Every structure is written in C-alpha cells, then in structure tokens.
Amino acid sequence: MTAVTPYRSGARTGRDGFAQLLRAEWIKLRTVRGWMLGLALAALLIVGLGVLFATGSRSSCMNGPIEVPCPAPLIGPGGVAVEDRFYFVHQPLDGDGSITVRVSSMTGQLRKPDVTPGVRNVVSGVTPWAKAGVMIKQSVRQGTSYAALMVTGSHGVHMQYDFTEDVAGRPGGVSAASPRWLRLTRTGNTITGEESSDGSHWTTVGTVRPAGLAGKVQIGLFAASPGDLTVSPNVMFGAATASRFAEVTAVMDQVGVRGVAAGGAWSRDDIGVTMEPDGVTPHHPGGLTRSGGTFRVTGVGDIAPSAEGMPVERVLAGVLAGLVAMMVVAVMFVTAEYRRGLIRTTLLASPRRGRVLAAKAVVIAAATFAAGLAAVATTVPVGRSILAANGNMLAPVATLTSLRVIVGTAALLAVAAVFALAVGALFRRSAMAVIAVIVAILVPYVLATASILPDEVSRWLLRLTPAAGFAIQQSMPTYAHMTARHAPAEGYFPLPPWVGLAVLCAYAALALALAAYRLRRSDV
Amino acid sequence: MRREVHAEWTKLRTVAGPGWLLGALVALTVAAGAVAAAVVPCAAAGCGQDAARISLVGVQLGQAMVALLAVLAICGEYSTGMIRTSLTAMPRRATALAAKAVVVGGLTLAAGTVAVLGSVLAGRLLLPGSGFTPAHGYPPLSLADGPVLRAAVGSVLYLVLISLLSLGLATAVRDSAAAAGVVLGLLYVFPLAVLMVSDEEVRQVLWTISPTNAGLAVQATKDLADLPIGPWAGLGVLAAWAAAALAGSGLLLRLRDA
C-alpha cells in the first residue's frame, strides 16, 4: 500500500472579493468587440444626431418684409429669458411710499382663428393671465426688477416680482359691483402687497424684497395681456399651438400715491412696444384715457418668463437613439452568458449569485455613464455654438442647470442600461428583453410627447412609467403663471427632474431585485 | 414553395412564443385603443379629433409585438444553430425566406384583423361616452363608412407590412437583441427625431419617408388634405421599406455563410 498524495496546484489561492468580480465582468464587457462598438455607436449617435439637428436649424427674424438679425433674448434679474411688455403710467419715487387703487373693471378683446379667411375675427374677452394693477419698477427699461400686485383675467389677485416669482392672493374677478382694492407699500427695500374688497379692511398678499428695487424707482399703474393661446389638433404632429393678439383694458380709480413729489405729473410708457416697418407707428399700442380721477389703462404683452429660445436639451435629440443602442448592449451583456453557457462557469467561479448580478450592474452602469457623459458633454457646447451661429435664439441657461442636464442625461442612460440588464437577467432571452425595455421606456415617451394622447393622460404616463426619467432633461422650469402650453409635447414634464429620475431608478431597482431572486432560486 | 411554407409553419406552430405574442398583440392593441377612446375628450362640435385614429391608436403599441414575432422567427434560428439545419433542408434560401415571410405575415394578418376589429368595436362602444356623439358631428364608428373601412383595412395591412419589414431587418442583423434594437429604433425613434427637426421642409420630407408616420397615414379619416402624403400612398411607402428590407436580406442570406 502506497499513500497517494492528492494533487495540489502550486498556485496561490486567488482572492474572490467584489473587486475581483468587477474586474472579471469589466474584462468580459471589454473583450467583446461588438459590445464596445455598440457603446461607441451609441456615443456617436448622440453626438452625430445632435450636431445634425443643430446644423439643420436655421432661423432669421423679419421686420415686415426686411430680414434682420434676431434680437438677443431679454434677460431678467434672475438670469432667465423674460418677456417685458406692458403699459405703465408712473411717477418717480425716492424713499418710502405707497400706491393704492381700486380696480373696478377688466375688459378686453381677443383675436380668434379666422372664420372667413383674411377677415380678422376679434371677439371681446380677457385671457386667463391678463393682468392690471399697481407696480413698483426699478426703471422704465425692459427687464429690470419689479414688484407688482394685480388682478388677473381668471386667476384672482396675484403678487408677482422679478418675472419668475408668483404669490397667489384671493381668487375671483372684478366688476363694478365688486371692485378690488390693491395697495403696494415700499418700506426700505421691502415691498408689501395688500388687497381689500372695501378699501378699509386689508389682507396682506405678500411681503417681498426684490434685489434691484433700491434707490429711485417708478411707481404706478399698469396693464398687460399675453396672447390668446389656442391648441388645435394637427394631423401630422398631433397638436399645433398658436398665440393670437389680445389686449386688456382696466378701469382704475381712487388712486392714492404717497411718498412722491407733491403734484407730480404722471408719465406714460408703452414698455417694449415694437414699431411697424415704417419705424414710427407702434404695433398694437397700449394706452391711457383719463377722466378726472378715473384711469382707463389698456395694455398688450406680458410680464413673465419667456418660452422663446431653444432650451439646452434640444440638441440632445440623439439621446433616444443612443439609449436604444446602450440598452441592447446591456441586455446582451447578460443574455449572451445564457446563450453561450458561460453563466455556468461564471457562477461556478463566484457562487454568490447576487454579487455577480451586482458586479454586472456596476460595470454596465459605469461604462454607459462614461460613454454617455463624454457624448453629451461634447454635444451640448458644440450643438449650441452651431445653433447660435445659424442665427437661432438660445434660451439662457444657468451653469448649474446645464450641468444637471448633462450629468443627469448620462445618469439616465446608465440607469436605463441597468434596467435593461436586469430585465435581460430576468427573461434570459435577448429579443424579449430588448422589446420589453423599449416598450417600457420609449413607447410611453413617444405616446406622451407626440401629442397623440390628451395632455392629462400624457402627464400620467410620464409620472408612472419608466419614461418619467426623461424629466432630468427639462432645463426650463415650469412657471404656472407663464402663458404657454405646459404639456409633455412642449418639453414640460409633470415631475421635477430628480423625482422623475428617481422613478426610473425605482423601476431599475425593482427589476434588479426580481432578477436576483430568479438567479438565486432557479437553475441556470 | 408549399413544402417550405409547411415547414416554416410547423416550426413556428410548435414553439410557445408566437401564440403568446399574437395574444399580446390583440390584447395590447384593443386595450390601448379602448383606453384612448375612453379618455380623449370631445367637448363640443368640431373638436377636430379623428375618431377612427383614436380608437386605432393601439396599433402603435401592438406593432412592437409584431416586430418581436418576426425577430424571434428568424433570430431564434440563428441563436440555436437551427438555421444550418433549415438551410440544409431548404437549399433555395430565397424561397426559405419567402416561406417564412408568408407564415409570419399570415399569422400577423389573422391576429391583426382580430385586433383591429376589436379596436373598432371598442371605439364604437366607448367613443360616444367621451363626447364623440352625432350631435358633435361624429356618427358611431362603422365599417360601412368608407374612410373608417380604409383605416381598419389599412391598419391590418400596416401590421403585416411591419412584420415583413422586421423580418427583413432581423435576417440582415441576425442577432436577436441587436435586431430588436434596430427595428424598434426605426419604429419609435425615427418619428421622434422627425419631430425635433425645426426646418419645415426637411421635416415634411422625413415624415413622408418615415415608415411609421407615412404608414399610419392610412388611419386618417379626416383632414386628408393636411397630410403630406395620401393614405394609400403612405402605406405604399411602408410597403417599399418592407420590400427593400426583404430583398436586401434575401440577397445577404444568399451571399453569407449561415
């Protein structure tokens, strides 16, 4: 009898930490040429389609028949693009003071779509955000700081300042029988807005401190009416929006001003009025008719953030195509193991199955994030400079917002890739998994943004489905007091950016948990 | 050709996937159409909506199932190696592909007819509740009405052509995941990319050559003059896509090793 010594490899036992697992998975991803090509293709699609879109977008502005360079967007005190057009009847105010007024009527006219072609169809009425009331403004220059207390067409009393800020007061309209009193008081740098229905019992609407309202300011009455917005179904693209001329006339009396020079005269300014091609006739002018103490102020235009200009996310048209390519790679990254039987080797080498899935998710997330970040960070500055060179008006964007859009889009791609990987691990079949993730992410997005469904249904789709993650791309905040179609088709998402991304993350986490459960419980 | 068709029919019939997919096609199409018919409002006369198009909106979801069926029918053979057996048994490769197209197209035709009829029925029952009443200028949806019949028949043909287009692309791509990505990218990302083009003329041209947009023009029953392409011509564009994909992939199938 001879004792047989079992064979022992001389090699040192390898460590099987998570780092080794990550390295193994990274090598698997890196060494399949098709997958690296797929990721490169995704990055190319993002950059290429974005640049193609930017190159194909040209715009020029017309003043009557003459082509003129487009004006730069008007920038408000907060750095956002604003609209600042209204009729202002004002006096200078240096130091503390106040203005009190009674608004007893708001009427106006709107232009509706022509019934008979070529004949202007003008009806009487006011738009929801037509506004008239009292205002303290830094100067009569467009875009300067202000605070205003107003009665609106159908949103009741509001106090607004510096274009973006809006405080709601009591609802309800005005009439001769139930007028509304408004008062704006300046104490130091603080502006207080109060309203009353009888002129003796006052309620405070808001107390604000706009940064630019120091020193000498203008105090007075104003009126403005944004255009009448109509949304009509369009066979080709779902819906078309049009904004038509609207003006409002407010009757204000019992005007009391304190703090101004005694016997000061009222000056009038049609702020931001444009001229007809002849250069002297104002286009849609506002106006003032005064009889004794009664002021009838007529105004056109709006004082609000502007929707003009291309937002930063418009150059990211290629992200959807890139997303499809990345999701295909992510699905294959796991289903190829099942098809080739490699999964048995993988699980033999690393029996803790949950950790394998985790390592795969980390590797695909890192790879897609890196590829996506590189592509998006290139596309945004390049695309925007091409757009600007082609004469397009660009919406100004804060550096932090722009950074959020860029990093957020890369994160969106990474989370979608993890979601695709998890669905692939769950189904173990590549075609089914690819179709499932595309139906889950892209189809709701297409249905919601192509104006096929009504806006409210589209909003619910973008709240409940993984497509909610696209909200991270919205650079322009949704201002409720801005007259615009706040629909997904126009790029306005129902959820705030990070909440939307969190919805997608939740779907990815759920799919990952289900995949881990299946991987642990069933044979491979 | 008859024997090839029989062989392909046997292959597709004896796996579980196609049955489920065709069931999903009917269920998703009818469900999405019914939801749209129930929620799209028509507040007053002349609300401008196209009633037939609303009840057939489910086709846009159902087409994903059709695409998956076509992709699995061919890529499944490549992933298991079955394609080599198939081509050994049926050496005339173009005929083999044609037989596959007949079977996949035929199954889509049958299931698509059920799905579209279900959608029209759902629209007929649900649309009046959303305000699509005769008082608002919308008679009940009926196949006896010429444009509605065109929309319904056209939608079925649209699904068949999508299955052929998907089969052609998948035969060229071979890998199921990549094929699914290419097909769905063409079906869903192309129309979105068209929306983002700001130049009106370029957008019209892209819209006219997009398989989804032009193909679905056949669903329009009103404002036909506003469409850049007529209903049947639009379906013709999709047919051209499908024919080109099948012809190209038939050529590739002959030229490449399996």
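Rules used throughout
Counting restarts for each chain, with residues numbered from 1 along the sequence as it is written. A letter from A marks each chain and a number from 1 marks each ligand, given out in the order of writing. Reporting in this predicted model follows two pLDDT cut-offs: at least 70 for local features of residues, and 80 or more for side-chain atom pairs to be given and counted; totals over whole chains, interfaces and linings ignore these cut-offs and use all residues. Think of it this way: any DSSP run of H or I at least four residues long counts as a helix, any run of E at least two long counts as a strand, and we number them from the N terminus. Radius of gyration here uses only the C-alpha atoms, and the compact-globule reference equals 2.2 Å multiplied by the residue count raised to the power 0.38. Note on burial: count the other C-beta atoms lying within 10 Å of the residue's C-beta; 20 or more is buried, 12 or fewer is exposed, in between is partly exposed, and C-beta positions come from the backbone. Contact between two residues is assigned when their C-beta atoms, built from the backbone, lie within 7 Å. Strands qualify as paired when DSSP identifies two bridges or more between them. Angles here are taken between N-to-C directions and fall from 0 to 180 degrees, while the axes themselves are lines fitted to C-alpha atoms, restricted in helices to the stretch in contact. How far a helix is expected to stretch is found by multiplying one less than its residue total by 1.5 Å. For this classification, the nonpolar set comprises Ala, Val, Leu, Ile, Met, Phe, Trp, Tyr, Cys and Pro, the charged set comprises Asp, Glu, Lys and Arg, and every other residue, Gly included, is treated as polar. Definition of nonpolar core: a set of buried Ala, Val, Leu, Ile, Met, Phe, Trp, Tyr and Cys residues joined via C-beta atoms within 7 Å. Residue ranges assigned to the domains are those given by an automatic or database domain assignment. One confidence number per residue, pLDDT, is output by the predictor and ranges from 0 to 100. Crossing chirality is assigned from the near helix's rotation relative to the far helix, an anticlockwise turn below a right angle marking it left-handed and a clockwise turn marking it right-handed.

### Remarks on the overall build of chain A
Now for step 1: Scanning chain A for helices and strands turns up 9 helices and 21 strands.
Now for step 2: For chain A, whose C-alpha radius of gyration is 30 Å, the value lies well above the compact-globule estimate of 24 Å for 524 residues.
Now for step 3: Dimensions of chain A, computed from C-alpha atoms along their principal axes, come out at roughly 130 × 50 × 35 Å.
Now for step 4: A burial count over chain A gives 47% of its 524 residues as buried.
Now for step 5: Long-range contacts, defined here as pairs at least 24 residues apart, represent 75% of the contacts in chain A between residues at least 6 apart.

### Description of the overall build of chain B
Now for step 1: Across its full length, chain B holds 11 helices and 0 strands.
Now for step 2: When its helices and strands are written in sequence order, chain B yields α-α-α-α-α-α-α-α-α-α-α.
Now for step 3: For chain B, the C-alpha radius of gyration of 19 Å lies close to 18 Å, the compact-globule estimate for 258 residues.
Now for step 4: The C-alpha extent of chain B, read off along each of the three principal axes, is 65 × 40 × 30 Å.
Now for step 5: In chain B, the proportion of contacts linking residues at least 24 apart, taken out of those at least 6 apart, comes to 76%.

### Focus on the sheet that holds strand 4 (residues 86-94) of chain A
All names here are of chain A.
Now for step 1: Taken together, 7 strands build an open sheet; the order of strands is 10-9-8-7-14-4-18 and the sheet is antiparallel. Looking along the sheet, the strands with just one partner apiece sit at the ends: strand 10 (165-168) and strand 18 (267-271). Strand-to-strand, the axes of this sheet are offset by a mean angle of 20°, without reference to chain direction.
Now for step 2: As paired elements, strand 4 and strand 18 share 5 bridges and run antiparallel to each other. What sits directly across from valine 89, in strand 18, is arginine 268.

### Some points on helix 6 (residues 399-427) of chain A
All names here are of chain A.
Now for step 1: The terminal C-alpha atoms of helix 6 lie 42 Å apart, and with 29 residues this matches the ideal 42 Å at 1.5 Å per residue to within 8%.
Now for step 2: Of all 29 residues making up helix 6, 24 are buried, and the element is well covered by its neighbours.
Now for step 3: Among the residues trailing helix 6, arginine 428 stands out with phi positive, at a value near 65°.

### Quick word on the interface of chain B and chain A
As a measure of interface size, the accessible area lost when the parts come together is often cited.
Now for step 1: Listed per partner, the contact involves 39 residues of chain B and 36 residues of chain A.
Now for step 2: For the side of chain B that touches chain A, the secondary structure elements donating two or more residues are helix 2 (17-39), helix 4 (59-80), helix 8 (176-196) and helix 9 (200-209) of chain B.
Now for step 3: Counting residues per element, the side of chain B that touches chain A draws most heavily on helix 8 of chain B, at 14 residues.
Now for step 4: Counted by class, the side of chain B that touches chain A contains 28 nonpolar, 8 polar and 3 charged residues.

### Things to note about the environment of glycine 125 of chain A
Residues and elements named next belong to chain A.
Now for step 1: For glycine 125, the position within the fold is in the loop between strand 6 (121-124) and strand 7 (131-137).
Now for step 2: Take glycine 125: there are 15 C-beta atoms within 10 Å of it, and that puts it in the partly exposed class.
Now for step 3: Taking the C-alpha atoms as reference points, glycine 125 and methionine 106, separated by 19 residues in sequence, lie 9.1 Å from one another.
Now for step 4: In this structure, glycine 125 is in contact with Gly108 and Leu110, ignoring residues within four places of it in sequence.

### Re the nonpolar core
Now for step 1: Formed by 193 residues in total, the largest nonpolar core has its most connected members in Met327, Ala417, Val418 and Leu421 of chain A together with Leu68 and Val71 of chain B.
Now for step 2: Top contributing element to this core by residue count: helix 6 of chain A, with 19 residues.
Now for step 3: Not counting chain neighbours up to four residues away, the residues in contact with leucine 68 of chain B comprise Ala431, Met432 and Ile435 of chain A together with Leu21 and Ala180 of chain B.
Now for step 4: Counting 56 residues, the second-largest nonpolar core is a separate cluster that includes Ala81, Val151, Val217 and Val260 of chain A.

### Examining the domain arrangement of chain A
Now for step 1: Once the domains are mapped, chain A shows domain 1 (15-56 + 310-474 + 486-521) and domain 2 (82-305).
Now for step 2: Each of domain 1 of chain A and domain 2 of chain A was reduced to a C-alpha centroid, and the two centroids are 46 Å apart.

### What to know about the pairing of strand 17 (residues 246-258) of chain A
Both faces of the sheet carry side chains from a regular strand, because those side chains alternate between them.
Residue and element names in this part refer to chain A.
Now for step 1: Note: strand 5 (residues 97-112) against strand 17, 11 bridges, orientation antiparallel. By the bridge assignment, leucine 110 is partnered in strand 17 with alanine 246.
Now for step 2: As paired elements, strand 17 and strand 20 (residues 294-299) share 5 bridges and run antiparallel to each other. Considered in strand 20, the bridge of methionine 252 is made with phenylalanine 295.

### Describing the environment of leucine 169 of chain B
All names here are of chain B.
Now for step 1: When you line up the elements, leucine 169 lands in helix 7 (residues 146-173).
Now for step 2: Of the residues examined, leucine 169 has 26 C-beta atoms within 10 Å and is grouped as buried.
Now for step 3: On a C-alpha basis, the gap between leucine 169 and alanine 245 in space is 5.8 Å, while along the polypeptide they are 76 residues apart.
Now for step 4: With residues near it in sequence (within four places) discarded, leucine 169 still touches Ala179, Val182, Val183 and Ala245.

### Brief notes about the confidence of the model for chain B
Now for step 1: When pLDDT is averaged along chain B, the result is 87; 99% of the residues meet or exceed 70.
Now for step 2: Mean pLDDT in chain B bottoms out at helix 9 of chain B, which sits at 84, and peaks at helix 7 of chain B, which reaches 93.

### Observations regarding unusual backbone geometry
All names here are of chain A.
Now for step 1: In this structure, glutamine 254 takes a positive phi of about 55° despite not being glycine.
Now for step 2: Relative to the elements of secondary structure, glutamine 254 occurs in strand 17.
Now for step 3: Phi is positive for histidine 284, which is not a glycine, with a value near 50°.
Now for step 4: Within the element layout of this structure, histidine 284 appears in the loop between strand 18 and strand 19 (287-291).

### So, the packing of helix 3 (residues 319-340) of chain A against helix 6 of chain A
All names here are of chain A.
Now for step 1: The geometry of helix 3 relative to helix 6 is characterised by a closest axis approach of 8 Å and an angle of 35° between their N-to-C directions. You can see that helix 3 and helix 6 cross each other, and the crossing is right-handed. Mapping the contact onto sequence places Val319, Gly322, Leu323, Met326, Met327, Ala330, Val331, Phe333, Val334 and Thr335 in helix 3 and Thr409, Leu413, Ala416, Ala417, Ala420, Leu421, Gly424 and Ala425 in helix 6.
Now for step 2: Taken together, the residues that form the contact of helix 3 with helix 6 break down as 14 nonpolar, 4 polar and no charged.

### Some details on the packing of helix 5 (residues 353-389) of chain A against helix 6 of chain A
All names here are of chain A.
Now for step 1: At a minimum axis distance of 8 Å, the contact between helix 5 and helix 6 shows a crossing angle of 145°. For helix 5 against helix 6, the interelement crossing comes out right-handed. Contacts between helix 5 and helix 6 involve Leu357, Lys360, Ala361, Ile364, Ala365, Thr368, Phe369, Gly372, Leu373, Val376, Ala377 and Val380 on the former and, on the latter, Ser402, Ile406, Val407, Thr409, Ala410, Ala411, Leu413, Ala414, Ala417, Val418, Leu421 and Ala425.
Now for step 2: Of the residues in the contact of helix 5 with helix 6, the class split is 19 nonpolar, 4 polar and 1 charged.

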